[in-house]
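One letter stands for each residue in the lines below.
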Amino acid sequence: MTAKKKPKVYITRKLPDAVETRMRELFDAELNIDDAPRSVPELIAAVKTADVLVPTVTDRIDAALIEQAGPQMKLIASFSNGTDHIDVEAAARKGITVTNTPNVLTEDTADMTMALILAVPRRLGEGARVLTDKPGEWAGWSPTWMLGRRIHGKRIGIVGMGRIGTAVARRAKAFGLSIHYHNRKRVNPAVEDELEATYWESLDQMLARVDIVSVNCPSTPATFHLISARRLALLQPTAYLVNTARGDVVDEAALIKCLREGRIAGAGLDVFENEPAVNPRLIKLANEGKVVLLPHMSSATIEGRIDMGDKVIINIRTFIDGHRPPNRVLPGR
């Protein structure tokens, strides 16, 4: 009996060893050992020959690239929660199914969001640099030195009360923060009661009344620069902004201007508008202690990445077996 031919799977970035090993066992998988981002010509060559493409958020899978796909390419199984890097509608027109890896990174991202909520008002980055940048110069404890702001008793406004936003709210409540949120629709009343959360239909009204803003909504055309210059101007001068969602949800240039002029107290950012490039003005602000910057690491746990890989594998196997993959992404969703 002739063995069934394994589908050719092209993986754009290096994945955890356990995931890559399983991919090689199940598929004719081409790995990216050195983890260098694939160029557009390399991606074009891949979609012309592979049966399945496994991209990540660093790959732009736009209509022009999808149009180059050969007739054998039927699945884009993204190693990502979001799919804003993929033109899902163009894929559908080409007869290509798109899948993602949802509901895996909720707790990891919420943990890092809470870390930034603590780090910015309490000046953790500045404190760490005192010991590492100029060792031996710390003169010891002083009653008025390195004073930050207490978060207990403050109000947090969560922009996007999905799974991650709700997980952030649970952590924030445990730290004594009062929960406020803006979402396309109200959450389940039981969740609202559990969190003692206040719903604001008007984002503008909420922003003007909270001490900390946590951005947790997805990147869509509707959320591009949702936190605009006008909305940043609504924040109190003692307010802090934390973004672990997507960089383009916040007008980065306007945020820099607000921080430079002292119109808000600080910010914590794990995502940037032009990743992997980081605006030099943000780096300067970080060196001045006005912002805490992280290199898009809110979801970076070993467990989370392996869970993502498992979902990719399940999506591919289900599709190859002729069934609808569990994490199919439909156009317009």
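Rules and cut-offs
- Residues numbered from 1 in each chain as written.
- Predicted model: local features only at pLDDT ≥ 70, side-chain atom pairs only at ≥ 80, totals over all residues.
- Heavy atoms only, no water.
- UniProt positions renumbered as here; feature names shortened; annotations may be inferred.
- Helix = DSSP H or I, 4+ residues; strand = E, 2+ residues; numbered from the N terminus.
- Core = buried A, V, L, I, M, F, W, Y, C linked by side-chain atoms within 4.5 Å.
- Buried < 20%, exposed > 50% of the residue type's maximum accessible area, 1.4 Å probe, protein only.
- Pairing = 2+ DSSP bridges.
- Contact = heavy atoms within 4.5 Å.
- Axes fitted to C-alpha atoms, helices over the stretch in contact; angles between N-to-C directions.
- Salt bridge = Lys/Arg side-chain N within 4 Å of Asp/Glu carboxyl O.
- Right-handed = clockwise from strand over helix to strand, strands pointing away.
- Parallel < 35°, antiparallel > 145°, perpendicular 65-115°, else oblique.
- Left-handed = near helix turned anticlockwise from the far one by under 90°.
- Nonpolar A, V, L, I, M, F, W, Y, C, P; charged D, E, K, R; others polar.

### Some words on the UniProt feature "domain: D-isomer specific 2-hydroxyacid dehydrogenase catalytic" (unreviewed entry) in the protein
- Listed under "domain: D-isomer specific 2-hydroxyacid dehydrogenase catalytic" (unreviewed entry) in the UniProt record, and renumbered for this structure, are residues 18-329.
- Secondary structure content for residues 18-329 is 38% helix and 12% strand, and the end C-alpha separation is 26 Å.

### Details of the nonpolar core
- Within the largest apolar cluster, 31 residues are counted, with the highest numbers of intra-cluster contacts made by V159, V213, V215, I227, L232, L241 and L255.
- Of all the secondary-structure elements, those providing two or more residues to this core are α9 (203-207), β9 (212-215), α11 (252-260), β11 (266-269) and α12 (280-287).
- Among the elements that line this core, the one with the most residues is α11, at 5 residues.
- Judged by nonpolar contacts, the second largest core, of 27 residues, contains M114, L177, V187 and Y240.

### Points about the sheet that holds strand β12 (residues 291-293)
- With respect to topology, 7 strands assemble into an open sheet ordered β8-β7-β6-β9-β10-β11-β12, the strand pairing being parallel. Only two strands of the sheet have a single neighbouring strand rather than two, namely β8 (198-199) and β12.
- Two strands pair when backbone bridges link them, and strand β7 (residues 178-182) and β8 are joined in this way by 2 bridges, in the parallel orientation. Across the sheet, Y181 pairs through a bridge with Y199, a residue of β8.
- Sitting on the sheet, helix α7 (residues 163-174) touches β6 (155-159), β7 and β9, and the angle it makes with β6 is about 170°.
- Where α12 meets the sheet, it contacts β11 and β12, and its direction lies at approximately 115° from that of β12.

### A closer look at the pattern of salt bridges
- In the structure shown here, the tally under the stated rule is 21 salt bridges.
- Here R123 makes a salt bridge to E126, at a shortest N to O gap of 3.0 Å.
- Taking relative accessible area as the criterion, E126 reaches 18% and is therefore assigned buried.
- One salt bridge in this structure joins R186 and E192, with 2.5 Å as the shortest N-O distance.
- Here E192 falls in the buried class, since its relative accessible area comes to 11%.
- One connected set of salt bridges, linked through shared partners, spans R260, K284, E288 and K290.

### Comments concerning the pairing of β11
- Here β11 shows a buried face lined by G266 and G268 and a second buried face lined by A267 and L269.
- Of the strand pairs in this sheet, β11 and β12 are connected by 3 bridges, and their pairing is parallel. Looking at the pairing, A267 lines up with V291 of β12.
- Remark: the β11/α12/β12 crossover connection has right-handed handedness.

### A look at the packing of helix α1 (residues 17-26) against helix α13 (residues 302-320)
- Two elements in contact, α1 and α13, have axes separated by 9 Å at closest approach and are oriented at 15°. Relative to α13, α1 is oriented roughly parallel. As for the relative orientation of α1 and α13, their crossing is right-handed in sense. Note on element contacts: α13 touches α1 through R305, I306, G309, V312, I313, I316 and R317, opposite V19, R22, M23 and L26.
- Counted by class, the contact of α1 with α13 contains 7 nonpolar, 1 polar and 3 charged residues.

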